[in-house]
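The chain contents come next:
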Amino acid sequence: MIGFLIALGVALVLDLLLGDPHSRFHPVALFGRAAGGVETLCRKTFGNGIFSGLTGWLLLVLPISAAAWAVTRFAGEFAPAVAAVLLYVTIAPRSLLEHAEAIRKPLSRNDLAAARHALSMIVSRDTATLPPSEIVRGAIESLGENLIDAVNSALFFFAVGFLAGGLPGAAAAAVLLRCANTLDACWGYRNERYLFFGRIAARVDDLFHLIPARLTLLAVAIAAPLVGGRISRTLRTGFRHRHDHPSPNSAWGMGAFAGALEIRLGGPTVYGGIPEPYPFWGDGRAELTTGDLLRAERLTTASTLVFCILLIIGVSLCK
């Protein structure tokens, strides 16, 4: 248990101090490039169907996860440090906040062009003509959705892996999650090219985020009073809108943020010039400001810490 706490704490401190370095040599970036090579190989060998995509998924995810287990297993007394570094490269809480800040600061100066450009770096919606309130909406929705994908899911897998196999299991599980999530980003599209080849990557990613997404609602609700929100309202809003998104997991985070901040998110959104009629999430204030985005950033930090505390309690009870 002490090793788990050390690894978890060190990983969070490393992220706080170093963030997510933007480098083509970052392990996730290297994995993404490897995915392109494996995709080409599998398509040439097995075709463009589901089996080909499954083969590519297994070739990429299993060896790397096994390597993470082996490195940690044979690190001896340095296992907590190794596990911490591996967990660090799978989470990105500081990166979420930096992206939000890159939107909030120019928006506070009324530099809409810079704010729209910063938002376009983290969302796929059209941003060129968005008014200030819609820019803030996009940024807060990104925080709510990516808190699950980029932070909490890896933390959850780290905890479950530790219960199953100690620190080697924790490291392997966190790496497994990040590899699967990266493959979903590479292959998990519903278009002609990836409809079949990327189906396994998309479905596995949905499955892996299932429990973390629901625990994220709980964590956000507990953290809500720290930003002026209410636990009961956050839980009601998040649960009410849990199905109001094509993803089975995304609305749990975005709905939770809407409830905790007492604002309204969602609504019609334009992608590639085509409007998508998303429902609204939450019944709070619709006109959003940079102050709301700042509160959302604080909620992201508080929710991450609460999520970690929940995991520590869970591991303590199960050990």
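Residue numbers restart at each chain and count upward from 1, following the sequence in its written direction. In keeping with the predicted nature of the model, local features appear solely for residues at pLDDT of at least 70, side-chain atom pairs appear and are counted solely at 80 or more, and the whole-chain, interface and lining totals rest on all residues. Derived side-chain values reflect all non-hydrogen atoms in the structure, with water molecules and hydrogen atoms excluded from consideration.

Caption draft 1: Geometry of the overall build of the protein chain. Secondary structure elements are taken from DSSP: a helix is a run of H or I of four residues or more, a strand is a run of E of two residues or more, and numbering for both begins at the N terminus. The number of helices and strands found in the protein chain is 12 helices and 4 strands. Restricting the calculation to C-alpha atoms gives the radius of gyration, and the globule rule supplies 2.2 Å times the number of residues raised to the power 0.38. Taken against the 2.2 N^0.38 rule, which gives 20 Å for 319 residues, the C-alpha radius of gyration of the protein chain at 20 Å falls within 12% of a compact globule. Projected onto the principal axes, the alpha-carbon positions of the protein chain cover approximately 55 × 50 × 35 Å. Between buried and exposed lies partly exposed: a residue is buried under 20% and exposed over 50% of the maximum accessible area for its type, with that area taken using a 1.4 Å probe on protein chains only. Across the 319 residues that make up the protein chain, the buried fraction comes to 50%. The criterion used for residue contact is that any of the two residues' heavy atoms lie within 4.5 Å. For the protein chain, contacts bridging at least 24 residues in sequence account for 69% of all contacts bridging at least 6. Here the protein chain has roughly 14,300 Å² of accessible surface; of this, 66% comes from carbon and sulfur atoms. Averaging the locations of the 28 positively and 23 negatively charged side chains of the protein chain gives two centres separated by 3 Å. Values of accessible area rely on a 1.4 Å probe in the Shrake-Rupley scheme; residue burial ignores everything except the protein chains shown. In this charge count, Lys and Arg are treated as positive and Asp and Glu as negative; neither His nor the chain ends contribute. Positions of charges follow a simple convention, taking NZ of Lys, CZ of Arg, CG of Asp or CD of Glu.

Caption draft 2: Region of interest: the packing of helix H2 (residues 27–46) against helix H7 (residues 132–187). The convention used is that axes are lines fitted to C-alpha atoms, helices contributing only their stretch in contact, and that angles between N-to-C directions extend from 0 to 180 degrees. At a closest axis distance of 10 Å, the pairing of H2 and H7 adopts a crossing angle of 55°. Looking at the two axes, H2 sits oblique to H7. Every pair of crossing elements has a handedness; the one defined by H2 and H7 is right-handed. Across the interface between the two elements, Val28, Phe31, Gly32, Ala35 and Glu39 of H2 pack against Arg178, Cys179, Thr182, Leu183, Cys186 and Trp187 of H7. Roughly parallel here means an angle under 35 degrees, roughly antiparallel means over 145, roughly perpendicular means 65 to 115, and every remaining angle is called oblique. Here a crossing is taken to be left-handed if its near helix is turned anticlockwise relative to the far helix by less than a right angle, and right-handed if that turn runs clockwise.

Caption draft 3: View of helix H10 (residues 231–240). The complete set of buried residues in H10 reads Arg233, Thr234, Thr237 and Gly238. All buried residues of H10 fall inside an arc of 120° around its axis, so they share one side. Elements that come into contact with the buried residues of H10 comprise helix H9 (210–223) and helix H11 (250–261). Directions are taken from the helix axis to each C-beta atom, and the arc is the one they span.

Caption draft 4: The arrangement of helix H4 (residues 79–88) in detail. Of all 10 residues making up H4, 7 are buried, and the element is well covered by its neighbours. Of the positions making up H4, those classed as buried are Ala79, Pro80, Ala83, Ala84, Leu86, Leu87 and Tyr88.

Caption draft 5: Local environment of the side chain of Ser133. As for its position among the elements, Ser133 is in helix H7. Discounting residues that sit within four places of it in the chain, Ser133 has contacts with Ala286, Glu287 and Leu288.

Caption draft 6: Geometry of the packing of aromatic side chains. Classification of ring pairs uses Phe, Tyr and Trp, with its six-membered ring standing for Trp, and accepts pairs whose centres are within 6.5 Å; under 30 degrees between planes counts as stacked, over 60 as edge-to-face, and the remaining range as tilted. The tally for this structure, following the rule as stated, stands at 11 aromatic pairs. One aromatic cluster is present, built from ring pairs that chain together Trp187, Tyr189, Tyr194 and Phe197. Here the guanidinium or amino end of Arg43 rests over the ring plane of Phe197, the centre of that ring lying 4.3 Å away. The residue whose ring lies beneath Arg242 is Phe239, and the NZ or CZ to ring-centre distance is 3.7 Å. When the NZ atom of lysine or the CZ atom of arginine is within 6 Å of a ring's centre and also within 35 degrees of its normal, the charge is said to sit over that ring.

Caption draft 7: Local environment of a nonpolar patch on the surface. Grouping into patches uses exposed residues only, defined as over 30% relative accessible area, and leaves out salt-bridged ones; the cut-off is 9 Å for like charges and 5 Å for nonpolar side chains (Val, Leu, Ile, Met, Phe, Trp, Tyr). Whenever a carboxyl oxygen of Asp or Glu lies within 4 Å of a side-chain nitrogen of Lys or Arg, that contact is scored as a salt bridge. On the surface, a nonpolar cluster with roughly 400 Å² of combined accessible area is contributed by Met1, Ile2, Leu5, Ile6 and Val10. With respect to the element layout, Ile2 can be found in helix H1 (residues 2–18).

Caption draft 8: Focus on the environment of Trp57. Tracing the backbone shows Trp57 in helix H3 (residues 50–73). Trp57 sits 44 residues away from Val13 along the chain, and the two C-alpha atoms are 31 Å apart. Residues contacting Trp57, with those up to four places away along its chain left out, are Leu62, Leu176, Ala180, Leu183, Trp187, Ala201, Val204 and Phe208.

Caption draft 9: Expanded view of the environment of Leu86. Topologically, Leu86 is positioned in helix H4. C-alpha of Leu86 to C-alpha of Pro27: the two residues are 59 residues apart in sequence and 9.8 Å apart in space. Discounting residues that sit within four places of it in the chain, Leu86 has contacts with Ala68, Thr72, Ala171 and Val175.

Caption draft 10: Main features of the packing of H7 against helix H8 (residues 199–208). At a minimum axis separation of 9 Å, H7 and H8 run at an interaxial angle of 140°. Classed by the angle they form, the pair H7 and H8 counts as oblique. Note that H7 runs across H8; the crossing there is left-handed. Taking contact as the criterion, the partners of Phe157, Leu176, Leu177, Ala180, Asn181, Leu183, Asp184 and Trp187 in H7 are, on H8, Ala201, Ala202, Asp205 and Phe208.

Caption draft 11: Local environment of unusual backbone geometry. Not every positive phi belongs to a glycine, and Asn110 is a case in point at roughly 65°. Locating Asn110 in the fold gives a position in the loop between helix H5 (93–108) and helix H6 (112–120). Take Asn110: its relative accessible area is 58%, and that puts it in the exposed class.

Caption draft 12: The arrangement of the nonpolar core in detail. Side-chain atoms within 4.5 Å are what join buried Ala, Val, Leu, Ile, Met, Phe, Trp, Tyr and Cys residues into a set we call a nonpolar core. Residues Trp57, Ile140, Leu155, Leu183 and Phe257 are the most contacted members of the largest nonpolar core, which totals 90 residues. Here the element with the most residues in this core is H7; it accounts for 28 residues. Discounting chain neighbours no more than four positions away, the residues touching Leu155 are Leu8, Leu87, Ile91, Thr304, Phe307, Cys308 and Leu311.

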